[in-house]
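So you can see what is in the structure, the chains are spelled out below.
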Amino acid sequence: MATVNIAGKDVELDEEGFLTNLADWNRDVAEYMAKEEKVDMTESHWEVIDFLREYYDEYQIAPAIRVLTKAIGKKLGPDKGNNKYLYELFPYGPAKQACKIGGLPKPTGCI
Amino acid sequence: MLHIVNKSPSERNSVDTCLGHAKDGSAVLLIEDAVYAATAGNMSEAKVKAAMPNVKVYALGPDLAARGMSARVLDGVNVVDYGGFVDLVAEHSNCQSWL
Amino acid sequence: MSDEMDMEEGGTIKKFMFVNRKAPYGTIYALESLEVVLISAAFEQDVSLAFIDDGVYQLMKNINTDGIEMKSFSKTYRALEGYDIEKLYVERESLEARGLSEDDLVVDVQVVGAAEMADLMNEQDVVLSF
């Protein structure tokens, strides 16, 4: 557990850097998390993060990568609904990295 | 299919629901606190007896003994030891442990 | 969400049934079952869920856990379709004994009688109880 100050606000993170309190999330927190993950946020990144947060809001879980890929394909088109595209955006695993940046809990079943 | 139950019939409905879902020709093995269901005078006696023509009912001997119930086992219930437990599992292609 | 690898193709597909017989929130069984179901989807097996006895309460609409400081997993049942888990069987007798009907449930299910449920269980390779 660690507390970091992000844009003037104290935010608690767990030992793996995920938000302890999901309500602490905002765009500044996302930018901070992205920097820690060495990800340069672009519109394409935000598109995935926003999608993930919507998915979480609707189903109360972060999707498995296979499910995420399929759902993104359906919503944003097949050129984005594939592993290659998502791994280019989040090289260390779209599941874990995008969840962390999006302020969602560590994915269920993620090792 | 082999059904295994380990909860007392007076505490949980596992024995009841199991008997209600055991198809003809299947086996029900009562172990731990579920062995009470295999004894005379217990609240489940009627249901166990009703099931017995179509379903083979087994009870684990060491668990009956540990509860002082060995002499009260219903007629028609097959008492098995741990070796018999293993044989039952091996004889059946699938198995369900009820909670 | 996990970055798991797909299983190698050509493996045998087995029939798995998760049997849910406990009410949600009073104990951890319902949530544990759901998590195992979600993880099992990664192995691309033939997965089905059965809801019997108090297990039918897991699927109630209008669940709101705000007041008990527990996360609701009610909406998560609706995510199962996206995981290609589409066989949800609910026992008619269990619904009726609790004054419930299919319309009270949060997700589309197949309502089956106890005899049909027994058949479904019998044809499984693996049955896991929760």
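Further up the page is the structure itself.
Since we're looking at a predicted model, the values are computed, not measured.

Chemist: Would you mind going over the side chain of Q97 of chain A with me for this structure?
Modeler: Residues and elements named next belong to chain A. Structurally, the position occupied by Q97 is in helix α5 (residues 94–101). Given a relative accessible area of 2%, Q97 falls into the buried group. Apart from the residues within four sequence positions on either side, Q97 is in contact with E37, V39, F90, P91 and Y92.

Chemist: So what exactly am I meant to see when it comes to the packing of aromatic side chains here?
Modeler: Between two aromatic rings, the relevant description is the distance of the centres plus the angle of the planes. Under the criterion given, the structure shown has five aromatic pairs over all chains. Judged by centre distance (6.3 Å) and plane angle (25°), the ring pair of F18 of chain C and F130 of chain C falls under stacked. With a gap of 112 residues between them, F18 of chain C in strand β1 (residues 15–20) and F130 of chain C in the segment after β5 (126–129) connect regions that are remote in the sequence. Note on F18 of chain C: relative accessible area 1%, which makes it buried. The class of F130 of chain C is buried, set by a relative accessible area of 17%. Pairing F51 of chain C with Y77 of chain C gives two aromatic rings, centres 6.2 Å apart and planes at 75°, and the pair type is edge-to-face. With a gap of 26 residues between them, F51 of chain C in strand β2 (residues 46–51) and Y77 of chain C in the loop between β2 and β3 (87–91) connect regions that are remote in the sequence. Per residue, the accessibility class of F51 of chain C equals that of Y77 of chain C, and both read buried. In textbook terms, an aromatic cluster arises when at least three aromatic residues are bridged by ring pairs, as seen for Y25, F51, F73 and Y77 of chain C. The residue whose ring lies beneath R27 of chain A is W46 of chain A, and the NZ or CZ to ring-centre distance is 3.9 Å. One cation-aromatic arrangement involves R53 of chain A over W25 of chain A; the distance from NZ or CZ to the ring centre is 3.7 Å.

Criteria and thresholds
Residues numbered from 1 in each chain as written. Chains lettered and ligands numbered in written order. Predicted model: local features only at pLDDT ≥ 70, side-chain atom pairs only at ≥ 80, totals over all residues. Heavy atoms only, no water. Helix = DSSP H or I, 4+ residues; strand = E, 2+ residues; numbered from the N terminus. Buried < 20%, exposed > 50% of the residue type's maximum accessible area, 1.4 Å probe, protein only. Contact = heavy atoms within 4.5 Å. Phe/Tyr/Trp six-rings, centres within 6.5 Å; stacked < 30°, edge-to-face > 60°. Lys NZ or Arg CZ within 6 Å of the ring centre and 35° of its normal.

Coordinates in, geometry out; function isn't part of it.
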